[in-house]
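# Residue-level structure breakdown
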Amino acid sequence: VMKDATKVFVGASAILANGAVISRAGTAAIASAADVFGLPVMVCCESNKFHERVQLDSITSNELGDPSALVQTRLGPDPNLLGWEDVDNLYLLNLKYDAMQAEFVTMIITEFGLVPPTSVPVILREYRTDPF
């Protein structure tokens, strides 16, 4: 699919001050594949989802889904994971979100127009509605 694409568009749950994009699990893998193929990654996100927080990985501050959901595939249950609950020291981690690093983002599409990830702190500073 990537060899036929010209651009990659993804949504975002949040964009952090360091330009990292928090989005549904799998988004960072898509952006990484796009980088290998030399495709621009465009992130669609309203500026009210910009946040001052900085996050470097997907493990901290993430939501966890039901681990049993990882056993089910489109073709039915994965036979390799059936009975995983009974295996000592085996834990399934079902992360809901990815943290895509800013280096994979070409542009962010906002109500302010197209902005690079490096402009997120500027928008946060200039358009903040907090009384600070």
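The numbers attached to residues start from 1 for each chain and follow its sequence in the written order. Given that the model is predicted, a residue must reach a pLDDT of at least 70 before its local features are reported, and side-chain atom pairs must reach 80 or more before they are shown or counted; all residues, however, enter totals for whole chains, interfaces and linings. Calculation of side-chain values draws on the structure's entire complement of heavy atoms; hydrogens and water are dropped beforehand.

For the rest of this paragraph, the subject is the nonpolar core. Among buried residues, the Ala, Val, Leu, Ile, Met, Phe, Trp, Tyr and Cys ones that are joined through side-chain atoms within 4.5 Å form a nonpolar core. Per-residue accessibility, obtained with a 1.4 Å probe over protein chains only, is compared with the maximum for each type, and a residue is labelled buried under 20%, exposed over 50%, and partly exposed between these values. Counting 21 residues, the largest nonpolar core has Ile15, Val41, Val43, Phe50, Met100 and Ile108 as the members making the most contacts within it. Each helix is a run of H or I in the DSSP string that is no shorter than four residues. Each strand is a run of E no shorter than two, and both are numbered from the N terminus. The set of elements that each furnish at least two residues to this core consists of β1 (8-11), α1 (27-36), β4 (41-44) and α2 (120-126). When residues of this core are assigned to their parent elements, the largest contribution, three residues, is made by α2. Contacts were defined at the residue level, with two residues in contact if any of their heavy atoms lie within 4.5 Å. For Val41, the residues in contact, after removing those within four places along its chain, are Val8, Val10, Ala31, Ala34, Met100, Phe104, Val105, Thr106 and Met107. One finds Ala14, Ala20, Ile22 and Ala99 within the second-largest nonpolar core, a separate group that totals six residues.

With that settled, the discussion passes to the packing of aromatic side chains. Pairing of aromatic side chains requires ring centres within 6.5 Å, counting the rings of Phe and Tyr and the six-membered ring of Trp. Pairs whose planes differ by under 30 degrees are stacked, by over 60 edge-to-face, and all others tilted. Per the stated rule, a full pass over the model turns up one aromatic pair. Over the ring of Tyr97 we find Arg24; its NZ or CZ atom is 5.5 Å from the centre of that ring. The rule for a charge over a ring is simple: NZ of Lys or CZ of Arg within 6 Å of the ring centre, and within 35 degrees of the ring normal.

The subject of this paragraph is the confidence of the model for the chain. Per-residue confidence from the predictor is given as pLDDT, running between 0 and 100. The pLDDT averaged across the chain works out to 89; a share of 95% of its residues lies at or above 70. Ranking the elements of the chain by mean pLDDT puts strand β6 (residues 72-73) last with 87 and β4 first with 97.

As for its position among the elements, Ser23 is in strand β3 (residues 21-24). In the analysis that follows, any N or O atom pair within 3.5 Å is treated as a polar contact, provided that within protein one partner can donate a hydrogen and the other can accept it, and provided that, for residues neighboring in sequence, both atoms belong to side chains. A polar side-chain atom of Ser23 sits 2.9 Å from the main-chain carbonyl oxygen of Gly11. Beyond its immediate sequence surroundings of up to four residues, Ser23 is in contact with Gly11, Ala12, Ser13, Lys96, Tyr97 and Asp98.

In this fold, Ser47 is placed in the loop between β4 and β5 (50-51). At 2.2 Å, the side chain of Ser47 forms a polar contact with the side chain of Glu111. Not counting residues within four places of it along the chain, the set of residues in contact with Ser47 comprises Glu111, Phe112 and Ile123.

Two strands make a pair as long as DSSP finds a minimum of two bridges between them. The strand order across the open sheet built from four strands is β1-β4-β9-β10, with neighbouring strands paired in mixed fashion. With partners counted over all chains shown, the strands left at the sheet margins are β1 and β10 (113-115), one partner each. If you compare each strand with its neighbour and ignore which way they point, the axes differ by 30 degrees on average. One ladder, built from four bridges, connects β1 with β4; its direction is parallel. Every axis in this analysis is a line fitted to C-alpha atoms, fitted for helices over the stretch in contact. Angles between the N-to-C directions lie between 0 and 180 degrees.

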